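One letter stands for each residue in the lines below.
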Amino acid sequence: MNLAHTTVLLWVWGSLQAFEIVEKENIFQRTPCPAFLMFDNAAYLADMSFELPCHCKPEEVTAVVWYYQKHLGSGHTKVLTDFDGRVLTEEAQVRVGSDMLVRFSIRMFGLLVFRAQPEDSGLYFCGTRKGDYFYAYDVDIQSSEGMVATFKDQGQEPFADEYQGSLHVFTTFWEWTPCDRCGVRGEQWRIGLCYLQSPDLSPRYRKTLPDVVSCGSRAVPTSLRAKARDHTPELLVQSCIVPCERKVIQEGMMAIFNYVSKLGSRPWVPQVPIQFHQQRLGHGLIISCPGARPEHAVAWDKDHQFLYRTQYLKGVNRSMRVFIDHGNHLHIRFTQLSDRGIYYCWRQGVRVAGFRLGVMSRGHYRASFSDPETRAAMELTLIGYLLITTVFVTIHLCRCCCYLFRCCPNFSP
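About the cut-offs
- Residues numbered from 1 in each chain as written.
- Predicted model: local features only at pLDDT ≥ 70, side-chain atom pairs only at ≥ 80, totals over all residues.
- Heavy atoms only, no water.
- Helix = DSSP H or I, 4+ residues; strand = E, 2+ residues; numbered from the N terminus.
- Contact = heavy atoms within 4.5 Å.
- Areas by Shrake-Rupley, 256 points an atom, 1.4 Å probe, with all protein chains shown as cover.
- 1 Å grid on protein atoms, 1.4 Å probe; cavity = no way out; pocket = protein on both sides within 12 Å on 5 of 7 lines; lining within 4 Å.
- Points joined across faces, edges and corners; volume = space filled by probe spheres on them.
- Nonpolar A, V, L, I, M, F, W, Y, C, P; charged D, E, K, R; others polar.
- Patch = residues over 30% accessible without salt bridge, like charges linked within 9 Å, V, L, I, M, F, W, Y side chains within 5 Å.
- Salt bridge = Lys/Arg side-chain N within 4 Å of Asp/Glu carboxyl O.
- Buried < 20%, exposed > 50% of the residue type's maximum accessible area, 1.4 Å probe, protein only.
- Pairing = 2+ DSSP bridges.
- Axes fitted to C-alpha atoms, helices over the stretch in contact; angles between N-to-C directions.
- Phe/Tyr/Trp six-rings, centres within 6.5 Å; stacked < 30°, edge-to-face > 60°.
- Lys NZ or Arg CZ within 6 Å of the ring centre and 35° of its normal.
- Core = buried A, V, L, I, M, F, W, Y, C linked by side-chain atoms within 4.5 Å.
- Polar contact = N/O pair within 3.5 Å; in protein donor to acceptor, adjacent residues only side chain to side chain.

J.: Is there a simple way to explain the overall build of the chain in this structure?
T.: If you tally the helices and strands in the chain, you get five helices and 23 strands. Here the analysis covers contacts within the chain between residues at least 6 apart in sequence; of these, 65% occur between residues at least 24 apart. By element, 59% of the accessible surface of the chain is carried by carbon and sulfur atoms, the whole surface being about 25600 Å².

Now the structure itself:
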């Protein structure tokens, strides 16, 4: 009886699996490719990661190739594949400033671009190795330079919409982020990107709303794009407070704590992983929150001091030595002895990591060839030595020539 039950279950499971595979194959059958290639408009902020799904393809195509063009019809086209089974790139391995060819992955026919930059703006095509295109995107990566922050608690309001004849320039805001801290007063914000509405847009670009695209879209004529150049992205910030979720400590850990407390005072155990870093006095430092992205709610604390964006956001004060940029990184310029302490990082309302910063003076610093200042000093010393050597050799060569041709004055007393 058990064998019969097992056989029936295996048959049912096999049928369900076959049905699931058929459903996966029929996804592209239900989404026919357009007869005329259109471009879906998508806008992101610099340093964000995004995914472009290939919504349609012929059933017989088992692998797709993605192409990139800066402008439609340009002769230079980047092929985003190596044709040999590219090793998937992980976002944690991507560095700022890397070329796009090492900042992408293709997963389930979709293209993932990590830490996009304004230079990545352009047209993306999903197709085959032969160059047949099925689906296309018009991607606009807007720079965070010059981004304007608006604080609602101070009564500030976002930019007003701009009207220039038939051109309407405005800001489209994303959803509010979660509160960046719990248990205490925190902050939340929403990112606003530049969009415009005009009847003079190219009809080949698909719009979510009639005649509305992002300001950097290829559908916008050059003359209109110049008019919307001054409308920068915005950041809307407001205060918030949410309770913290209770964490259940494991019984084994509690038993160890109770045993230690019976022997003496309970030791200090950090609530989050702590990383130690020692910085040279007077040098700059940039700290990143592990696993955080620009669209995440990230907060920074120094010991028991809360570093609110109202005071520490980049651009609030031009003379700030410690500030938070729009990518959620903490910057410390010209490190001082007072910067010593533990800097805690919050991500999506949960404290996730800490950085214990130590500052050492110049007298106790070991010179290393990996230090840029050490390399610069060595280069200057070497250049000075070569210059003195060149002058010395040149003078002696001239004296030798004069001696040989007997035209050298006699310098002897």
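Still more ground to cover, so stick around.
J.: How do you make sense of empty space enclosed by the protein when you look at a structure like this?
T.: Gaps left between atoms are located by rolling a probe of water-molecule size over the structure's atoms. For the structure shown, the criterion picks out one cavity of 30 Å³ or more. Taken as a whole, the largest cavity holds about 70 Å³ of empty space. For the lining of the largest cavity, the per-class residue count stands at seven nonpolar, two polar and two charged.

J.: I would appreciate a short explanation of the layout of surface pockets in the present structure.
T.: Estimated volume of the second largest pocket: approximately 490 Å³. Counting residues per element, the lining of the second largest pocket draws most heavily on strand 9 (residues 148-151), which supplies three residues. Along the lines of polarity and charge, the residues of the lining of the second largest pocket split into nine nonpolar, twelve polar and four charged.

J.: What's the story with a nonpolar patch on the surface in this structure? I'm lost.
T.: A grouping of L382, Y385 and L386 is seen on the molecular surface, where their side chains present a nonpolar patch of about 340 Å² in accessible area. Counting through the fold element by element, L382 comes out in helix 5 (residues 372-405).

J.: How should I be thinking about the pairing of strand 22 (residues 341-347) in this particular structure?
T.: Consecutive side chains along a regular strand alternate between the two faces of the sheet. Where burial is concerned, most of strand 22 is hidden: six out of the seven residues are buried. Pairing of strand 18 (residues 298-302) with strand 22 involves five bridges; the strand directions are antiparallel. Note on strand 22: the bridge partner recorded for K302 is Y343. When strand 22 meets strand 23 (residues 350-360), the two strands line up antiparallel, connected through seven bridges. Along strand 23, the bridge assignment pairs C345 with A353.

J.: Help me out: how do you make sense of the sheet that holds strand 21 (residues 330-332) in this one?
T.: Across a sheet, strands are paired by hydrogen bonds formed along the backbone, either parallel or antiparallel in direction. Read from one edge to the other, the open sheet built from three strands follows the order 17-21-20, with strand pairing classed as antiparallel. Of all the strands in the sheet, just strand 17 (285-287) and strand 20 (322-324) have a single pairing partner and so form its edges. Ignoring strand direction, the axes of neighbouring strands in this sheet form an average angle of 15°. As paired elements, strand 17 and strand 21 share three bridges and run antiparallel to each other.

J.: Which parts of the structure should I look at to understand the pattern of salt bridges?
T.: Opposite charge on two side chains allows them to pair when their charged atoms are near. Under the defined criterion, the tally for this structure stands at seven salt bridges. The residue E295 makes a salt bridge to R293 at a minimum N-O spacing of 2.9 Å. A relative accessible area of 29% places R293 in the partly exposed class. Here D301 and R351 are joined by a salt bridge, their closest N and O atoms 3.9 Å apart. In this pair, D301 sits in strand 18 while R351 sits in strand 23, placing the two residues 50 residues apart along the sequence. In this structure D301 comes out as buried when scored by relative accessible area, which is 0%. Owing to a relative accessible area of 25%, R351 belongs among the partly exposed residues under this scheme. Through salt bridges with shared partners, one network takes in D180, R181, D301 and R351.

J.: Please explain the packing of aromatic side chains as it appears in this structure.
T.: What describes a pair of aromatic rings is the distance from one ring centre to the other and the angle between the planes of the rings. In the structure shown here, the tally under the stated rule is ten aromatic pairs. Measuring from ring centre to ring centre gives 5.0 Å for Y68 and Y124, while their planes differ by 50°; the resulting arrangement is tilted. Of this pair, Y68 sits in strand 3 (residues 65-69) while Y124 is found in strand 7 (residues 122-127), placing the two residues 56 residues apart along the sequence. For the ring pair Y135 and Y137, a centre distance of 5.4 Å and an interplane angle of 55° mean the geometry is tilted. The exposure class assigned to Y137 is buried, which follows from its relative accessible area of 6%. For the cation-ring pair, R185 lies above Y308, with the distance from its terminal atom to the ring centre recorded as 4.0 Å. Seen from the ring of Y344, R351 lies directly overhead, with NZ or CZ sitting 4.3 Å from the centre.

J.: Help me understand the nonpolar core, please; the structure alone is not making it clear to me.
T.: A general feature of soluble globular proteins is that nonpolar side chains tend to end up buried together. One finds Y44, F50, L52, W66, L111, Y124 and V139 to be the most contacted residues of the largest nonpolar core, which totals 38 residues. Elements supplying a minimum of two residues to this core: strand 1 (39-45), strand 2 (50-52), strand 3, strand 6 (110-113), strand 7, strand 8 (133-142), strand 12 (186-197) and strand 15 (234-240). Tallying contributions element by element places strand 8 first for this core, with five residues. If sequence neighbours within four positions are ignored, L111 has contacts with F50, E51, L52, W66, L80, F104, S105, I106 and Y124. Judged by nonpolar contacts, the second largest core, of 17 residues, contains L307, V322, I332 and F355.

J.: Even after reading the chapter, I still don't get unusual backbone geometry, so can you show me in this structure?
T.: With glycine set apart, most residues show a phi of negative sign, and most peptide bonds adopt trans. Its identity is not glycine, yet D211 carries a phi of approximately 60°, on the positive side. Here D211 is to be found in the loop between strand 13 (205-206) and strand 14 (212-214).

J.: Help me understand the side chain of Q69, please; the structure alone is not making it clear to me.
T.: You can see Q69 is positioned in strand 3. In this structure the side chain of Q69 is engaged in a polar contact, spanning 3.1 Å, whose partner is the side chain of T77. Leaving out residues up to four positions away in the same chain, Q69 has contacts with S74, H76, T77, G122, L123, F125 and Y133.

J.: What should I look at first to understand the sheet that holds strand 2 in this one?
T.: With antiparallel pairing, three strands are arranged side by side in an open sheet as 2-6-5. Both outer strands of the open sheet, strand 2 and strand 5 (104-107), are each paired with one neighbouring strand and no more. Shown here is a sheet whose adjacent strand axes are inclined to one another by a mean of 25°, direction ignored. Note: strand 5 against strand 6, four bridges, orientation antiparallel. From the neighbouring strand, I106 faces strand 6, where its bridge partner is L111.

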